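# Structural overview
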Amino acid sequence: MSHPPIYSSRRSFLERATAFSAIFMSSRHLFASVGNAFGGRLPWDRKKSPLMTRWSDAVDPAHPLPEYPRPQFARNEWLNLNSIWEFQPGKDSGESAPICKSLSNSILVPYPVESALSGVMEHYDRLWYRCSFSVPKKWESRQVLLHFGAVDYESEVFVNGQSVGLHRGGYDPFSFDISAQLKPDSQNELIVRVFDPTEAGGQPRGKQNTSPRGITYTPTTGIWQTVWLEPVHRTHISSFSVVPDIDQEVVHLQFYLSEDAHDVELEVIIHSGSEMIQRSSAHANRPITLPMRKPKLWSPTTPHLYSLQLRLKQSAKLVDSVNSYFAMRKTSIGDVDGHKKLLLNNDFVFQLGPLDQGFWPDGIYTAPTDEALKSNIVQMKAMGFNMVRKHIKVEPARWYYWADQLGLMVWQDAPSCNSYPGRAFIPPPVDKVAFEEDLRHMIVALRNNPSIVLWTVFNEGQGQFDTERLVSLVRSLDPSRPVNEASGGEIKGSGDIDDIHSYPEPAVRPENHRQANVCGEFGGIGYLIPDRSWQPNGHGYVEAATPEDLLYLYAKYIAKVRDLREGNNLSAAVYTELTDVMTEVNGLLTYDRIPKVALDQIRRVNEFRFPAPAYSTILPSSEDTAQPWKYTFEKPTDDWQKKDFDDSGWLKGNGAFGNHGTDAHIEWSTPDIWLRREFHVGKISAKEVNRLVMNELHRSRLDVYVNGIQNYTQQGNNRSGKGFYEHRPLNRAVREAVLPGGQNVIAVHCHAVSDLQFFDAGLAVRIPTA
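Everything in this summary refers to the structure shown in the same document. Bear in mind the structure is a predicted one, so any value in this text is a computation, not a measurement.

Rules used throughout
- Residues numbered from 1 in each chain as written.
- Predicted model: local features only at pLDDT ≥ 70, side-chain atom pairs only at ≥ 80, totals over all residues.
- Heavy atoms only, no water.
- Pairing = 2+ DSSP bridges.
- Helix = DSSP H or I, 4+ residues; strand = E, 2+ residues; numbered from the N terminus.
- Axes fitted to C-alpha atoms, helices over the stretch in contact; angles between N-to-C directions.
- Core = buried A, V, L, I, M, F, W, Y, C linked by side-chain atoms within 4.5 Å.
- Buried < 20%, exposed > 50% of the residue type's maximum accessible area, 1.4 Å probe, protein only.
- Contact = heavy atoms within 4.5 Å.
- Parallel < 35°, antiparallel > 145°, perpendicular 65-115°, else oblique.
- Left-handed = near helix turned anticlockwise from the far one by under 90°.
- Nonpolar A, V, L, I, M, F, W, Y, C, P; charged D, E, K, R; others polar.
- Phe/Tyr/Trp six-rings, centres within 6.5 Å; stacked < 30°, edge-to-face > 60°.
- Lys NZ or Arg CZ within 6 Å of the ring centre and 35° of its normal.
- Right-handed = clockwise from strand over helix to strand, strands pointing away.
- Salt bridge = Lys/Arg side-chain N within 4 Å of Asp/Glu carboxyl O.

## Quick notes on the sheet that holds strand E25 (residues 351-356)
Read across the sheet, 8 strands follow the order E29-E28-E27-E26-E25-E34-E31-E30 without closing on themselves; strand pairing throughout is parallel. Each having just a single partner strand, strand E29 (483-487) and strand E30 (497-501) make up the two edges of the open sheet. Sheet twist, expressed as the average angle between the axes of neighbouring strands with direction ignored, equals 25 degrees. Across 4 bridges, the pairing between strand E28 (residues 452-459) and E29 is parallel. Looking at E29, one finds that Trp455 is bridged to Val483.

Printed below as a string of structure tokens:
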């Protein structure tokens with residue numbers, strides 16, 4: 001039998017966070033103690049994943065994530081159902097709900113079943129959840145709404161043995177009116193059935209995969225956002241929309257009621273800080289426009305928010321009150337000196353931010369605490385970013401609240417269906433229906449958040465279909481924001497953005513004079529810290545051996561971003577990525593959110609106050625003058641990369657190597673080529689050896705060795721041609737194997753991966769510049 005709820009009266013979190021004391025009244029926040037039906041608190045133990053965060057121990061199993069979950073639509077009374085619930089795996093689709101039956105295990109809600117914080121850390125396609133709760137006696141005259149922040153993917157909800165509704169969608173909030181099912185003065189049984197087929201098809205899933213590998217990660221199954229109750233009168237405010245217009249100095253508002261009702265009055269009160277600037281009446285389901293004279297504009301440097309209170313009276317009696325906020329800001333595409341640019345408040349503001357996938361080592365999709373959720377945005381701001389691309393995931397409402405409050409522009413991706421390149425990119429019909437429905441729900445749920453400045457429909461070619469029609473759908477739901485039709489995918493010209501993905505160095509497409517040019521992904525510098533990594537190895541698009549390597553290579557890429565901004569009309573750039581995620585180690589932060597480089601150093605780079613790195617040539621490439629190599633098109637013996645290998649029978653010639661359409665001096669048109677080149681580095685210091693980098697350019701798959709030790713394997717290709725050579729740090733083992741003053745050997749195997757083939761390389765020492 002569950003314990004009675006714990007009642008606590010406290011100030012609204014909005015009041016505390018925003019100091020809008022004139023608007024937000026004290027709220028009563030209730031916690032439901034949850035147990036099994038036979039008495040006693042359920043046993044629960046936190047599991048230990050390969051990596052935990054510093055917030056793991058701060059999770060209170062009695063009251064996890066206690067903060068109000070819906071900051072832009074806040075009422076004063078609510079009951080939090082987050083706690084230890086009963087749980088057990090399901091069997092099949094025909095299984096009956098376990099009414100009045102205890103389940104075999106326990107789980108901490110709202111952490112997904114695969115997470116360590118859930119106490120389960122296992123994956124099941126089917127789940128049953130169960131808890132019991134009571135509601136305050138004072139609520140008995142009102143309707144009670146049961147809210148779920150998000151459940152992945154299909155969920156059916158039972159209250160006291162009756163099904164109250166079915167929901168499909170892993171990222172959007174949903175609610176049920178459970179008033180008719182409640183038992184007064186008694187414990188109530190809540191059961192949730194979950195089905196989550198993940199990559200089996202028929203659902204948007206972002207980067208989730210039951211067999212995590214490469215660019216896909218641990219799935220999220222079941223309840224992964226807050227579950228809560230709130231009392232409302234039969235006639236209440238169900239939703240609202242807000243669209244600012246800074247040009248006309250007005251704000252457009254529209255409010256929707258739960259039912260058509262007579263004798264109702266709706267009052268709108270707007271404050272700027274403690275100053276009330278508007279008090280007006282409005283009609284439900286009709287737009288209202290209010291003046292906002294000389295508005296304070298929201299931006300990353302001045303994230304000013306206006307508080308908004310909605311008061312509903314029926315027959316002169318107050319029946320509902322909702323606290324919210326909004327911002328006066330404009331995001332658009334416009335002409336600047338004859339070029340299409342991304343604009344904020346009618347001015348060109350260059351947008352620079354990281355890719356953020358929103359995974360946590362201990363909570364998967366769910367941050368361990370609200371402080372952890374907030375910390376990511378605090379760290380991004382500390383690094384000098386003014387934007388973030390939320391990558392094919394939708395976050396809980398509080399994440400957007402912190403972005404609104406702290407001033408971080410958000411590019412919001414729609415979660416994709418076919419997210420892994422190993423599968424077909426053309427989605428089946430069932431995926432198309434689910435994707436479109438989730439896209440619609442995402443925009444409706446988030447369109448009031450001022451931090452969101454751009455919608456992205458597709459990521460790369462993952463499940464891309466009906467692009468023009470879906471861009472039109474997004475514009476019909478929200479005409480106030482630009483639309484990115486396909487970040488790094490097929491650009492058909494229907495959206496506002498021409499978005500290229502380029503690794504590792506940033507790039508930009510030629511202007512088409514209809515869309516703003518952005519680089520939606522670049523970078524991917526991998527730097528693994530063994531005791532702060534998910535597993536002993538990991539990958540990036542280019543590897544760094546030290547924090548200094550990471551900093552200087554990042555500075556080199558950001559210097560290129562600056563050049564593209566100034567010379568090629570780049571409007572924005574997104575660095576891959578904010579944090580490590582499982583096998584990916586290309587974060588500026590580790591997976592458990594520890595900076596790899598001091599945040600103020602990254603800030604100096606992002607603000608273009610860090611000098612671009614310079615290099616001193618040790619072994620010249622063929623970029624300017626052809627250089628000698630030995631090579632063969634015949635597969636050599638297995639020791640071909642060793643320093644003492646006899647390559648006297650190999651061909652000799654001056655590189656570079658490639659086929660038609662490249663700057664090659666030697667024809668390479670076979671599938672494979674093996675190359676060797678001897679070099680001396682002279683009497684350089686140990687510090688200089690630790691700054692050795694390879695200066696190379698390729699269009700192939702590479703396996704690169706120095707003195708028989710593998711330096712890196714590079715998948716895919718980068719661009720070819722003079723001016724595109726990239727500096728790649730040597731790893732620690734290779735640097736230790738280099739003999740100053742002695743003979744050394746570079747050995748390379750190139751395998752063709754496209755019709756265009758090219759390879760060339762040299763060596764240089766990075767010169768400290770800061």
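## Comments concerning the nonpolar core
Among the nonpolar cores identified, the biggest contains 99 residues, and Trp411, Phe435, Leu439, Val457, Ile525 and Tyr554 are the most heavily contacted of them. The greatest single-element share of this core, amounting to 10 residues, is contributed by helix H6 (residues 547-567). Setting aside residues up to four positions removed in sequence, Tyr554 forms contacts with Phe385, Ile525, Tyr575, Leu588, Ile602, Val605 and Asn606. By size, the runner-up hydrophobic cluster in this structure holds 31 residues, among which are Trp85, Phe87, Val113 and Phe148.

## Considering the packing of helix H4 (residues 429-446) against helix H5 (residues 467-477)
It is at 10 Å that the axes of H4 and H5 come closest, and there the two elements cross at 25 degrees. As the angle between them shows, H4 and H5 are arranged roughly parallel. Pair H4 / H5 crosses with right-handed handedness. Along its contact with H4, which presents Phe435, Glu436, Leu439, Arg440, Ile443 and Val444, the element H5 presents Arg469, Leu470, Leu473, Val474 and Leu477. Of the residues that constitute the contact of H4 with H5, the class distribution is 8 nonpolar, no polar and 3 charged.

## Comments concerning the packing of aromatic side chains
One pass over the full model with this rule turns up 34 aromatic pairs. An aromatic cluster of three or more residues is present, and its members are Tyr171, Tyr217, Trp224, Phe359 and Tyr365. Just above the ring of Trp402 sits the side chain of Lys374; from NZ or CZ to the centre is 4.4 Å. The ring of Phe350 is capped by Arg565, whose NZ or CZ atom sits 5.7 Å from the centre of that ring.

## Here we look at the sheet that holds strand E15 (residues 237-245)
Taken in spatial order, the 3 strands line up as E15-E16-E19 in an open sheet, and their pairing is antiparallel. In this open sheet, the two strands that pair with only one neighbour each are E15 and strand E19 (288-291). Each strand of the sheet is rotated relative to its neighbour by a mean of 25 degrees, with strand direction disregarded.

## Details of the pairing of E28
Within E28, 8 of the 8 residues are buried, which leaves it mostly tucked inside the rest of the structure. Where strand E27 (residues 409-413) meets E28, 4 bridges bridge the pair, whose relative direction is parallel. Its bridge partner lying in E28, Val410 is registered against Ile452. Of the crossover connections in this fold, the one passing from E28 over H5 to the parallel E29 is right-handed.

## Looking at the pattern of salt bridges
Oppositely charged side chains may form a pair once their charged atoms are brought near each other. Summed over the entire model, instances satisfying the criterion amount to 45 salt bridges. Among the ionic pairs, Arg46 bridges to Asp57, the shortest N-O distance being 3.8 Å. Of this pair, Arg46 sits in the loop between strand E2 (26-31) and strand E3 (77-80) while Asp57 is found in the loop between E2 and E3, placing the two residues 11 residues apart along the sequence. Taking relative accessible area as the criterion, Asp57 reaches 69% and is therefore assigned exposed. Salt bridges sharing common partners tie together Arg70, Arg75, Glu230 and Asp320.

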